[in-house]
Amino acid sequence: MIPNSHPETILTRVIDGGSGFLANNQYQILVGLPFDDHYRIETKLPSGRLTVQNISAGDNVTIFADGTVQVNGLPSQAHHIDPIDDI
């Protein structure tokens, strides 16, 4: 996540699919944002696809494995960058 007013600040979180016997990691990310601002979020999916979405502080964003994005429960247009296939 990159705040528009502070582009030198990059906030990161890593979600691994870690699980074990009778346990599983939570996939939901809760982020307390330091600035009341607009943010650019970049999400790298397991397929290698990169999803880029602009959001505002207080938005509830859901990003699905296929790259579909919802902001505050409504469909949103995210910019997608597909991985380059090795030749």
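Before reading further, recall that the structure is shown in the block above.
Just so you know, these numbers come straight off a predicted model, no measurement behind them.

(A) Representation of unusual backbone geometry in the model. Residues other than glycine seldom take positive phi values, yet Asn-72 does so here, at roughly 55 degrees. Along the chain, Asn-72 turns up in the loop between strand 7 (69-71) and strand 8 (74-76).

(B) View of the pattern of salt bridges. By the definition in use, this model includes 1 salt bridge. Here Glu-42 ties to Arg-40 by a salt bridge, and the two come within 2.6 Å at their closest N and O atoms.

(C) Representation of the sheet that holds strand 6 (residues 61-63) in the model. Pairing is antiparallel in the open sheet, where 3 strands are placed in the order 6-7-8. The strands lining the two open edges of the sheet, one partner per strand, are strand 6 and strand 8. Direction aside, neighbouring strands of the sheet carry axes that sit 30 degrees apart on average. Pairing between strand 6 and strand 7: 3 bridges, direction antiparallel. Following the sheet pairing, Val-61 is matched in strand 7 by Val-71.

(D) Representation of the side chain of Thr-51 within the structure. With respect to the helices and strands, the residue Thr-51 is situated in strand 5 (residues 50-56). Judged by relative accessible area, which is 1%, Thr-51 ranks as buried. Filtering out sequence-adjacent residues up to four positions away, Thr-51 remains in contact with Ile-41, Glu-42, Thr-43, Leu-45, Gly-67, Val-69, Ala-78, His-79 and His-80.

(E) Layout of the pairing of strand 4 (residues 38-44). The pairing of strand 1 (residues 2-3) with strand 4 spans 2 bridges and is classified as antiparallel. Bridging from a neighbouring strand, Pro-3 pairs with Tyr-39 of strand 4. Examined bridge by bridge, strand 4 and strand 5 share 7 bridges and lie antiparallel to one another. If you follow Ile-41 over to strand 5, its bridge partner there is Gln-53. What sits between the antiparallel neighbours strand 4 and strand 5 is a turn of 5 residues, in which Gly-48 has the positive phi angle 100 degrees.

Reading the values: the criteria
Residues numbered from 1 in each chain as written. Predicted model: local features only at pLDDT ≥ 70, side-chain atom pairs only at ≥ 80, totals over all residues. Heavy atoms only, no water. Helix = DSSP H or I, 4+ residues; strand = E, 2+ residues; numbered from the N terminus. Salt bridge = Lys/Arg side-chain N within 4 Å of Asp/Glu carboxyl O. Pairing = 2+ DSSP bridges. Axes fitted to C-alpha atoms, helices over the stretch in contact; angles between N-to-C directions. Buried < 20%, exposed > 50% of the residue type's maximum accessible area, 1.4 Å probe, protein only. Contact = heavy atoms within 4.5 Å.

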